[in-house]
Amino acid sequence: RCDMPMRGTAMAIVVVVACLVALGLSSDFLVDWLWFSAIGYAGVFWTIFDAKAALFFAAFAASAVLLWLNGTLAARFARRRGVPFRWAGGQTLPELFKLAPPRLPWRFLIPAVVVVVAILVGAGETGNWDTLLRFIHQVPYGERDPLYGNDIGFYLFSLPAYVALKNWMLLVMFLSAAVAFVVYLAEGDIALDRRPWRISPAAVAHGSVLLGVFFAVKALSYGLDRFLLLYSDNEVVVGAGYTDVHVELPVLWGLVALASAAAVACWANARLRTYTLPAAALGLVFGSSFVFALIFPALFQRVYVKPNELQLETPYIQRNIALTR
């Protein structure tokens, strides 16, 4: 009796979002198809369309699986004996949907929310269709960068794809944490509407695992930032300069190691279930990033490099001129 309204609401949400997305995509599809066909480039249109479709379904499927997994695990591990969080007006989440009993039926919202969010994520990722095609059809450039020795084709074809993948991973991890947080909050495992705040051991363990994955992705992000140094502009030369090579590059390697250690510590905390270890990992990684990746390089550039700028930057200016030619 209680499941029917919930399922109906969930289905209505999915249908409305799907219709809105389909309407936007169909209008863009029709206009682009007519224009490309009119100028004799229908093949280009279908190439772009196929790339967008592949990206949408891949991002949708992967995002839906990860979001559903985290929402389902949170619903399963919730202790179900806490006091549910009361929203504005003093109502619990189940009461907002006028459901009884107040524990089980509202969870049918999880698949609906997962599908809606995954559709939006998939639609957002279609903008990377050109990045996907460049990655698939990449060819060697025939010239190597002087810092890492990579073929320049890596920066044109591979690096943008790795950065896009990293950004998607961070987005999905944030959304997964949000879904799990709402489930634990609704079940009373996270109590924020009264003091002192309380978090159940299950919620701490789940959050620690997600935080560990986040730090693992951050380690990957710091690793990619090493190559992005070649895009820097210090007002003297475009590309890696003296400070980038002698300060920022070692700092990024240190942050890779630090973020990796923080990921391992957070995964270990899934068994220990303390608040101290994740908090210390967050403070250490982001504090170190702020001090050593932002403040220290700026001070080093101003205090040490600026007084001897021509002498120190000459090799990097020569690289810039040579590669520009």
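Report on the accompanying structure. (Residues numbered from 1 in each chain as written. Predicted model: local features only at pLDDT ≥ 70, side-chain atom pairs only at ≥ 80, totals over all residues. Heavy atoms only, no water.)

For the rest of this paragraph, the subject is the overall build of the protein chain. Each helix and strand in the protein chain was counted, giving 10 helices and 2 strands. Scanning the protein chain from its N terminus toward the C terminus, one meets helices and strands in the order α-α-α-α-α-α-β-β-α-α-α-α. Sorting the 325 residues of the protein chain into buried and exposed places 38% on the buried side. The long-range share in the protein chain, meaning contacts at least 24 apart out of those at least 6 apart in sequence, stands at 73%. In the form shown here, the protein chain has an accessible surface area of approximately 18200 Å², with 70% of it arising from carbon and sulfur atoms. (Helix = DSSP H or I, 4+ residues; strand = E, 2+ residues; numbered from the N terminus. Buried < 20%, exposed > 50% of the residue type's maximum accessible area, 1.4 Å probe, protein only. Contact = heavy atoms within 4.5 Å. Areas by Shrake-Rupley, 256 points an atom, 1.4 Å probe, with all protein chains shown as cover.)

With that out of the way, let us pick up the environment of Ala53. Its place among the elements puts Ala53 in helix α2 (residues 42-77). Between the C-alpha atom of Ala53 and that of Ala123, which follows or precedes it by 70 residues, the distance is 9.3 Å.

Attention shifts here to unusual backbone geometry. Residues other than glycine seldom take positive phi values, yet Arg273 does so here, at roughly 60 degrees. Relative to the helices and strands, Arg273 resides in the loop between α8 (242-272) and α9 (276-305). Overall, the relative accessible area of 43% leaves Arg273 in the partly exposed class.

Bringing the packing of helix α5 (residues 129-136) against helix α6 (residues 153-187) into the picture now. Viewed as axis vectors pointing N to C, α5 and α6 meet at an angle of 130 degrees, and their least axial separation amounts to 8 Å. With respect to α6, the axis of α5 lies oblique. Classified by chirality, the crossing of α6 by α5 is left-handed. In this structure, α5 contributes Thr131, Arg134 and Phe135 to the contact, and α6 contributes Leu156, Phe157, Ser158, Pro160, Ala161 and Tyr162. Here the contact of α5 with α6 is composed, by residue class, of 6 nonpolar, 2 polar and 1 charged. (Axes fitted to C-alpha atoms, helices over the stretch in contact; angles between N-to-C directions. Parallel < 35°, antiparallel > 145°, perpendicular 65-115°, else oblique. Left-handed = near helix turned anticlockwise from the far one by under 90°. Nonpolar A, V, L, I, M, F, W, Y, C, P; charged D, E, K, R; others polar.)

Moving on, we get to the environment of Arg144. Structurally, the position occupied by Arg144 is in the loop between α5 and α6. For Arg144, a relative accessible area of 54% puts it in the exposed group. Along the backbone, Arg144 and Phe154 are 10 residues apart, and their C-alpha atoms lie at a distance of 9.4 Å. If we skip the residues at most four places from it in the chain, Arg144 touches Gly149, Asn150, Asp151 and Ile152.

For the structure shown, the criterion picks out 19 aromatic pairs. Aromatic side chains Phe36 and Phe45 sit 6.1 Å apart centroid to centroid with 40 degrees between the ring planes, which places their arrangement in the tilted category. Considered together, Phe36 and Phe45 belong to a single accessibility category, that of buried residues. A relative accessible area of 5% places Phe45 in the buried class. Following the ring pairs from residue to residue traces out a cluster consisting of Phe135, Tyr148, Phe154, Tyr155, Tyr162 and Phe227. (Phe/Tyr/Trp six-rings, centres within 6.5 Å; stacked < 30°, edge-to-face > 60°.)

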